[in-house]
Amino acid sequence: MPVSPPPAGAGTLAPPPPAPRRRRRLLPVAVLATVLLLVLAGVAVVLRPGPVAGWLGDDAAGPAAAAQAPEPDPSPVLAGPDANAPLPTAAGVRAAVEPLLGAAALGSRVNISVADLTTGQPIYARGGDDGTVPASVTKLATGVTVLEARGPGYRIPTRAVAGANPGEVVLVGGGDPTLAVDGKGFYPGAARLDTLAKQVKQALGGTAPTKVVVDSSLFPGPVHGPGWDDDIPTGGYGASITALMTDGARLDPEAARKTFDDTHGAAERVPQPHLTAGRSFARLLGLGADAQVTQGTAPPAGEAAATGAPAPGTELGKVESLPMIRLVDIMISDSDNVVAEALARQVALARNQPASFVGGAAAMDEVIGELGLPADEIGLSDGSGLSRNNRISPSLLTDLIALAGKGDHPELGAIFGGLPVGAWSGTLGDRYRVDATAAGAGVVRAKTGTLTGVHAIAGLVTTAEGRLLTFAVLTDRAPAGDSDVSRQALDRIAGALAGCGCR
């Protein structure tokens, strides 16, 4: 699935500056098989991740659904790794993958890193430390850093407070991109404005709502990212990033949910998400279609008015998002760019940085360093991978994935739940289905990335002998022709790792 539609007249990507060279560290990684089982069991992640609209709800169908016969237990989608399986050798991996790295569909620069997860030992690399445009593989870094900075259980609040005048309500965005207007939203289980409106009416008592003010000031700066292709804001895969929005800024969330599989997640977005949300909230408060909705900021808390109305700044209600672990699942499984940008800003807020593109990138870099990963091998301009200014090395990605499976940081293991599975789910659901790549079906679990001329994949693969490896393959000088041919060339590399003992 392309992160964005190919822009007209896209030119050749300029070579990025070389990354500093250094000696790679060996990560003392625990046996990932056990960690993965604990992670998946502990967070109730389904074994077959799919489009978020189909499997994420908390309030699926009420009592009638509970009375139905339980579904049978799902079958595992990944072959179980064998802790005693032999370790692939550098020569064996080289023999398996190097003949595939020169495929014309991958272009003139293909950088790769392969490491063993049981030991953390790097096995093979070519251009492994070189910064490469990662496209949506960036979301792995976003997921790890937000889980570290916020924690898996953190929920993003959306609040309503009393305005400066009686009856005035200020809707304060906290950065929840999944917020819904009502029960027909795009993201099942999301916080809802109709719930918040009920709280506000109760808190106001006899004071009738008269006006809605929208406070989206938590996210300062530009709403479109640096390095985005010109068509990103209008192409359906991106949106204006504001602290207040509903349904990921989708114009018609019901239609987007129904056509998700056919459109690969693309949907028309509203140009001013915060004001659109404010108008929906005004209607829920009973103010009518012609209600006055303005942009402003919440007043500081003050003394109660003589009329008995709530004091300016008094909280009238609050709703909270799904927990962070599920937002990360959405972002990775569906490659949701708007959710990714919102989560990057949560990293910024947790590290006292401005919740902007610049602040999010700086905070993510800071957290990468805190985790002991080589921060000199990552340079970001956004959290989704839409920016062509992003650079990540393949070996940083394999280090990052290995760290997520390490017992020292169990909260990071949540990134595995949303990873698409070859020939099974997410952006890999239609891949690994031809003879040349079939070895990867069910045993490659990875995040993908695509921009015009850029193709990437990074994740986990189990070899034919049962050894669990992490791998990352990135190319940012691919020909701008048929993207499916380039993606299949990448899949052949992962399929070769799956199909060999590599010794």
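Residues numbered from 1 in each chain as written. Predicted model: local features only at pLDDT ≥ 70, side-chain atom pairs only at ≥ 80, totals over all residues. Heavy atoms only, no water.

### Observations regarding the overall build of the protein
Secondary structure assignment for the protein yields 14 helices and twelve strands. When each of the 503 residues of the protein is scored for burial, the buried share is 56%. Partitioning the intrachain contacts of the protein with sequence separation of at least 6 by distance along the chain shows that 74% fall at a separation of at least 24. Put simply, the protein shows about 19,100 Å² of open surface, and 53% of that area lies on carbon and sulfur atoms. (Helix = DSSP H or I, 4+ residues; strand = E, 2+ residues; numbered from the N terminus. Buried < 20%, exposed > 50% of the residue type's maximum accessible area, 1.4 Å probe, protein only. Contact = heavy atoms within 4.5 Å. Areas by Shrake-Rupley, 256 points an atom, 1.4 Å probe, with all protein chains shown as cover.)

### Points about the pairing of strand β3 (residues 157-162)
Judged from the five bridges that link them, β3 and strand β7 (residues 315-320) form a sheet pairing that is antiparallel. Counterpart to Pro157 in the pairing with β7 is Glu320. Inspection of the sheet shows β3 paired to strand β4 (residues 168-172) by four bridges, in the antiparallel sense. Bridging from a neighbouring strand, Arg159 pairs with Val172 of β4. Here β3 folds back onto β4, and the loop between the two strands holds five residues, one of which, Gly167, carries a positive phi near 85°. (Pairing = 2+ DSSP bridges.)

### Examining the packing of aromatic side chains
On inspection of all chains with the given rule, the structure shows three aromatic pairs. Arranged with centres 4.8 Å apart and planes meeting at 85°, the rings of Phe186 and Tyr187 form a pair that is edge-to-face. For the pair Phe186 and Tyr187, one class covers both residues: buried. The interplanar angle of 85° and the centroid separation of 5.6 Å between the aromatic rings of Trp228 and Phe357 together place this pair among those described as edge-to-face. On the criterion of sequence distance, the pair formed by Trp228 in the loop between β5 (211-215) and α7 (253-258) and Phe357 in helix α12 (residues 357-370) is long-range, its members being 129 residues apart. Across the pair, exposure class does not vary: Trp228 and Phe357 are buried alike. (Phe/Tyr/Trp six-rings, centres within 6.5 Å; stacked < 30°, edge-to-face > 60°.)

### Topic: helix α13 (residues 394-404)
An α-helical segment advances 3.6 residues per turn. Residues three or four places apart therefore align on the same side. With eleven of its eleven residues buried, α13 lies for the most part within the structure. Listed as buried for α13 are Pro394, Ser395, Leu396, Leu397, Thr398, Asp399, Leu400, Ile401, Ala402, Leu403 and Ala404.

### A few points about the packing of helix α5 (residues 138-150) against helix α11 (residues 337-350)
The geometry of α5 relative to α11 is characterised by a closest axis approach of 9 Å and an angle of 40° between their N-to-C directions. On the basis of the axis angle, α5 is oblique to α11. You can see that α5 and α11 cross each other, and the crossing is left-handed. For the pair α5 and α11, the contacting residues are Lys139, Thr142, Thr145, Val146, Ala149 and Arg150 in the first and Asn337, Ala340, Leu343, Ala344, Gln346, Val347, Leu349 and Ala350 in the second. Classifying every residue of the contact of α5 with α11 by side-chain character gives eight nonpolar, four polar and two charged. (Axes fitted to C-alpha atoms, helices over the stretch in contact; angles between N-to-C directions. Parallel < 35°, antiparallel > 145°, perpendicular 65-115°, else oblique. Left-handed = near helix turned anticlockwise from the far one by under 90°. Nonpolar A, V, L, I, M, F, W, Y, C, P; charged D, E, K, R; others polar.)

### Some points on helix α6 (residues 193-204)
Along its twelve residues, α6 runs 16 Å from first to last C-alpha, staying within 8% of the 16 Å computed at 1.5 Å per residue. Of all the positions in α6, only Leu193, Asp194, Leu196, Ala197, Val200 and Leu204 are classed as buried. Angular distribution of buried residues about the axis of α6 spans 155°; they occupy a single face of the element. Every exposed residue of α6 that faces more than 90 degrees away from the buried side is listed here: Lys198 and Gln202. The inward-facing, buried residues of α6 contact β3, β4, α9 (273-284) and β7. At the exit of α6 stands Gly205, carrying a positive phi of roughly 60°. (Expected span 1.5 Å × (residues − 1). Arc of directions from axis to C-beta.)

### Some points on the sheet that holds β4
Taken together, five strands build an open sheet; the order of strands is β6-β5-β4-β3-β7 and the sheet is mixed. Two strands close off the open sheet at either side, each with one partner strand: β6 (293-295) and β7. Pairwise comparison of adjacent strand axes, ignoring direction, gives a mean angle of 20° for this sheet. Helix-sheet contacts for α6 involve β3, β4 and β7, and the interaxial angle to β7 is about 160°. Those strands touched by α9 are β3, β4, β5 and β6, and its axis lies near 145° from that of β6.

### Let's talk about the packing of α5 against α13
Two numbers describe how α5 lies on α13: the axes approach to 11 Å, and their chain directions differ by 40°. Classified by the angle between their axes, α5 and α13 sit oblique to one another. Between α5 and α13 lies a crossing whose hand is left-handed. In this structure, α5 uses Leu140, Ala141 and Val144 to contact α13, whose residues at the interface are Leu397, Leu400 and Ile401.

### Topic: the state of the cysteines
The tally for this structure, following the rule as stated, stands at one disulfide. Put simply, Cys500 and Cys502 are joined by a disulfide, and their sulfur atoms are 1.8 Å apart. What makes Cys500 buried here is its relative accessible area of 16%. Residue Cys502 is classed as buried on the basis of its relative accessible area, which comes to 5%. (Disulfide = S-S within 2.5 Å.)

### Points about the sheet that holds strand β11 (residues 454-462)
Across the sheet, which stays open at both edges, the five strands sit in the order β2-β1-β12-β11-β10 with antiparallel pairing between neighbours. Single-partner strands in this sheet number two, and they are β2 (122-126) and β10 (444-451). On average, adjacent strands in this sheet sit at an angle of 5° to one another, irrespective of strand direction. One ladder, built from seven bridges, connects strand β1 (residues 110-116) with strand β12 (residues 468-475); its direction is antiparallel. Counterpart to Ser113 in the pairing with β12 is Ala472. Sitting on the sheet, helix α14 (residues 483-499) is in contact with β1, β10, β11 and β12, with an inclination near 25° to β11.

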